[in-house]
Amino acid sequence: MLRDLSELTFDNSFVRELPGDPIEGNHRRQVRGASWSRVEPTPVSEPTLVAYSREVAAMLGLDPEAIERPETVATLAGNQVLPTMAPYAACYGGHQFGNWAGQLGDGRAITLAEAVPREGARFELQLKGAGPTPYSRTADGRAVLRSSVREFLCSEAMHHLGVPTTRALSLVTTGDAVVRDMFYDGRAAPEMGAIVCRVAPTFVRFGNFELPASRGEDALTKQLADWVIRTHFPELGEPSPEVYAAWMAEIARRTAAMVVGWMRVGFVHGVMNTDNMSILGLTIDYGPYGWIDDYDPDWTPNTTDANGRRYRYGHQPRIAFWNLIRLANALVPLVGEPAPLEEALDAYPAAVERGQREMFAAKLGLEALRPDEDDALVEELFAVLRLVETDMTIFYRRLATLPTSLREGADEAVLEGLRDAYYAPDALAGADRARAAAWVRRYLARAHEDGLPDADRRARMDAVNPKYVLRNYLAQLAIDDAEKGDFALVRELLDVMRDPYGEQPGRERFAEKRPEWARHRAGCSMLSCSS
Ligand code: AMP
Ligand code: MG
């Protein structure tokens, strides 16, 4: 275990192997023919470490105490760049809400370096909120505490849930105020600034390819693709037209696995623009994301998306495909013709279909879904979950506790065990109540056919249906305290989310339904992009 961040080995291959912007400085500009711009983080007044992930420290080979050293905190705040680092902001574009937006780039994220703690491992250390870059456009390059708490906690929660994601090493407050118009109503106010150090093998996005492709910079698109393949997909072999197509298929499969993971745990990303799609299939850029409390496939947490609901929960698998098609378009010049890439894209619907079937089988504790019969069972489940407000997370945990001996039970007995999952249990009445009970009996009869003992079925279900998720209101409670300078709840939530599938006796309050007060409170039920 290394005692100091400065002992880490860095190998800054992105800046070494890819063309950089010849112009220096942080002033806003269009950057052509380059994948990155050299940029320095802007120092902050009073860097204070308020939380960190010991798992990410360990992943980097760092003794957790190394994170607490003042020199390390200074680096994690952007106040001290080590001589072995080569900070840069990446140049990328993207489709936002379905429209091409041109150059975007890292407007407030600055990569410090690529750490190579051991053979075969490579981690980009990136500060989010570290000051302006050439890509900041009209904004300040900073991040507020509330959005930083949300990104820090959710990255780690997603990891422990088993969903591919970028990670978060540290959360540092800056001591500087950041002015934000949180509700976009002209009432801008100062908020506490913060910086998260994010960690991922690479933060390259679909948009890194789309931008040079849109400019006809095919040589640059190729250079970047070759670097990504050689560095992060070496198993595919030396880049060639065939390898580009195989790579596209692999990205499609990884993206499918990520989205199926989101659907399983009830996560809504909120801004699935192509600049927020990782080339590694990781959940990236935690902004106005949200978690499903009551099951509603039409729900979106993002107020900017309230009208079109493009990024609503139930639409995420289709949007990911749309985004993959944008990436494939950008790669056409490398392959020479669209056909091999179109074929590669077919991997996506196939992987989502297979992934969703496996996922629902696991959520229901079944060996596998039988075609037709079980598809109908799952379809009816979706309808039953919408009869009255039903907490998705609690529903699956409760369902796991029902013994198959109840498969011929009366409505009352069958539904008793699910009562906790309903926001207004007595609202489930009449024909709806009979329909819900009928579904449960049908499900238990089906589980009985599999022959798995109840305890084994429950264990199988509890391993994929989390008890603890980062409910929107929980994150908001932690933010309310953090804004008063109290970070205990941030740290406790981080700890709770380390074991989302465990029972964690004594911590049941973190597994409860969203309270009524949170139903319409900003930050709990809806979020703006202001961050
Ligand atoms: P997002 O919607 O958060 O993914 O951001 C879209 C683009 O806006 C990215 O290029 C960001 O880097 C940039 N951006 C967002 N917030 C800021 C900020 N406060 N300062 C500079 N750039 C920003
Ligand atoms: Mg983004």
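Residues numbered from 1 in each chain as written. Chains lettered and ligands numbered in written order. Predicted model: local features only at pLDDT ≥ 70, side-chain atom pairs only at ≥ 80, totals over all residues. Heavy atoms only, no water.

Here we take up the site of ligand 1. Taken together, 17 residues form the shell around ligand 1, and within it Gly105, Gly107, Arg137, Gly141 and Asn276 come nearest. Between Asp140 and ligand 1, the recorded distance is 3.1 Å, taken from a side-chain N or O atom to a nitrogen atom. Burial of ligand 1 by the protein chains amounts to 80% of its free accessible area of 480 Å². Of the residues that constitute the shell around ligand 1, the class distribution is three nonpolar, six polar and eight charged. Three or more residues apiece are contributed to the shell around ligand 1 by two domains, here domain 1 (5-202) and domain 2 (207-360). (Near = heavy atom within 4 Å. Polar contact = N/O pair within 3.5 Å; in protein donor to acceptor, adjacent residues only side chain to side chain. Areas by Shrake-Rupley, 256 points an atom, 1.4 Å probe, with all protein chains shown as cover. Nonpolar A, V, L, I, M, F, W, Y, C, P; charged D, E, K, R; others polar. Domains from an automatic or database assignment.)

So, on to helix H13 (residues 392-399). With seven of eight residues buried, H13 lies mostly within the body of the structure. Residues Met392, Thr393, Ile394, Phe395, Tyr396, Arg397 and Leu399 constitute the buried set of H13. In this structure, the buried side of H13 is in contact with helix H8 (241-265), helix H11 (347-363), helix H12 (373-385), helix H15 (430-450) and helix H16 (454-462). Regarding H13, its N-cap is Asp391, as a side-chain oxygen of that residue lies 3.3 Å from the backbone nitrogen of Thr393 further along. (Buried < 20%, exposed > 50% of the residue type's maximum accessible area, 1.4 Å probe, protein only. Helix = DSSP H or I, 4+ residues; strand = E, 2+ residues; numbered from the N terminus. Contact = heavy atoms within 4.5 Å.)

Structurally, the position occupied by Asp294 is in the loop between strand E11 (290-291) and helix H9 (316-335). Using a relative accessible area of 17% as the deciding quantity, one classes Asp294 as buried. In this structure the side chain of Asp294 is engaged in a polar contact, spanning 3.1 Å, whose partner is the side chain of Arg514. Once you skip the residues sitting within four places of it in the chain, Asp294 turns out to touch Glu389, Thr390, Asp391, Tyr423 and Arg514.

What follows deals with the coordination of the magnesium ion (ligand 2). Only Asn276 (OD1) and Asp285 (OD) from the protein coordinate the magnesium ion (ligand 2), and they sit 2.0 to 2.2 Å from it. The exposure class of Asn276 is buried, given its relative accessible area of 11%. The exposure class assigned to Asp285 is buried, which follows from its relative accessible area of 14%. (Donors = N, O, S within 2.8 Å, 3.2 Å for Na, K, Ca; no water.)

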